[in-house]
Amino acid sequence: MVKRKKSINLKKYLAEGALIVFSVLFALFINRISENIKLENRKGIAKESIKKELVQNAAIIKNWQEKHKVILERISSVMSGENDSLKIEFQEYDYFNLGLLTNNESIIDEVVTDTAWETTKSTELLSEFDFEISQNLTYVYKLQEILSEKTMNKILDIYFDINTQNLNNLDYTLIQFNLLFQEATGQENLLLDLYEKAISSLNKE
């Protein structure tokens, strides 16, 4: 009788222990699912934010490129002798009037941003992205940085150089601007392709 009672108690304890273990595992499983859902939601928000940023930046760069192509055409026309009147007009000033090339507009009137990208990297969500997406985004934002912070600064450095303001150096100055705006429009063209590729990869998921 005692043995039977002990056997019943043992089964009871085993059943209760199994129930506790199952409850703990089930709670961990539910918690894991909840965390995965939260992570997927955060990843989805991050992707949408980046995609929106890329679309906005692509529109800005397209506008830059249109302006810079016009500037490049004007520089080329002066250098080739096709636009002597513009070259003569340069000589009417005692400084290098960049407005004659830009139609008195700024070289860039809007700036591209990387807020969504940097926020995603700072929260380590990028590690949850597909490798192809991460690679495409890295390429596009790196080239964006080179164009906006290096190439554009080179153009400004030439403009503010004291030798540029000496119109005796006009031909040399135009050569420098020609090379830099060629570089800029080339980078802009590649960047627009990279934007399209990055946005396309984000839309696939």
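Whatever comes next refers back to the structure up there.
Keep in mind the model is a prediction, meaning the values are calculated, not measured.

Cut-offs and rules
Residues numbered from 1 in each chain as written. Predicted model: local features only at pLDDT ≥ 70, side-chain atom pairs only at ≥ 80, totals over all residues. Heavy atoms only, no water. Helix = DSSP H or I, 4+ residues; strand = E, 2+ residues; numbered from the N terminus. Buried < 20%, exposed > 50% of the residue type's maximum accessible area, 1.4 Å probe, protein only. Contact = heavy atoms within 4.5 Å. Core = buried A, V, L, I, M, F, W, Y, C linked by side-chain atoms within 4.5 Å. Phe/Tyr/Trp six-rings, centres within 6.5 Å; stacked < 30°, edge-to-face > 60°. Lys NZ or Arg CZ within 6 Å of the ring centre and 35° of its normal. Axes fitted to C-alpha atoms, helices over the stretch in contact; angles between N-to-C directions. Parallel < 35°, antiparallel > 145°, perpendicular 65-115°, else oblique. Left-handed = near helix turned anticlockwise from the far one by under 90°. Nonpolar A, V, L, I, M, F, W, Y, C, P; charged D, E, K, R; others polar.

Quick look at the overall build of the chain
Next up, step 1: Summing up its helical and strand segments, the chain has six helices and zero strands in all.
Next up, step 2: Listing the helices and strands of the chain from first to last along the sequence gives α-α-α-α-α-α.
Next up, step 3: Within the chain, the proportion of its 205 residues that are buried is 35%.
Next up, step 4: The contacts of the chain with a sequence gap of at least 6 include a subset with a gap of at least 24, amounting to 85%.

Focus on the nonpolar core
Next up, step 1: Ranked by size, the top nonpolar core spans 47 residues in total, and within it I50, L54, F96, L101, L137 and Y195 carry the most contacts.
Next up, step 2: Listing elements by their share of this core, those giving two or more residues are α1 (2–79), α2 (84–90), α3 (99–102), α4 (115–122), α5 (131–160) and α6 (170–204).
Next up, step 3: Counting residues per element, this core draws most heavily on α6, which supplies 13 residues.
Next up, step 4: In this structure L54 touches L137, V140, Y141, Y195, A198, I199 and L202, once residues within four positions along its chain are discounted.

Quick look at the packing of aromatic side chains
Next up, step 1: Inspection of every chain in the model, using the stated rule, returns six aromatic pairs.
Next up, step 2: Between W117 and Y141, the ring centres sit 5.0 Å apart and the planes meet at 5°, which makes this aromatic pair stacked. Here W117, found in helix α4, pairs with Y141, found in helix α5; they are 24 residues apart in sequence, far enough to count as distant.
Next up, step 3: Taking the relative accessible area as the measure of exposure, W117 reaches 5% and is therefore buried.
Next up, step 4: In this structure, K47 is placed above the aromatic ring of F129, and the distance from its NZ or CZ to the ring centre is 5.2 Å.

Some remarks on the packing of α5 against α6
Next up, step 1: Closest axis-to-axis distance for the α5/α6 pair is 9 Å, and the angle between their directions is 160°. Relative to α6, α5 is oriented roughly antiparallel. Along this stretch, α5 crosses α6, giving a crossing that reads as left-handed.
Next up, step 2: Considering only residue class, the contact of α5 with α6 consists of 21 nonpolar, six polar and six charged.

Details of unusual backbone geometry
With the exception of glycine, the majority of residues adopt a negative phi angle, and the majority of peptide bonds are in the trans configuration.
Next up, step 1: The backbone phi angle of N103 is positive, close to 60°, even though this residue is not glycine.
Next up, step 2: Within the secondary structure, N103 is located in the loop between α3 and α4.
Next up, step 3: Backbone geometry at N104 places phi at a positive 60°, although glycine is not the residue there.
Next up, step 4: By secondary structure assignment, the location of N104 is in the loop between α3 and α4.
Next up, step 5: Look at N104 and you get exposed, because its relative accessible area is 67%.

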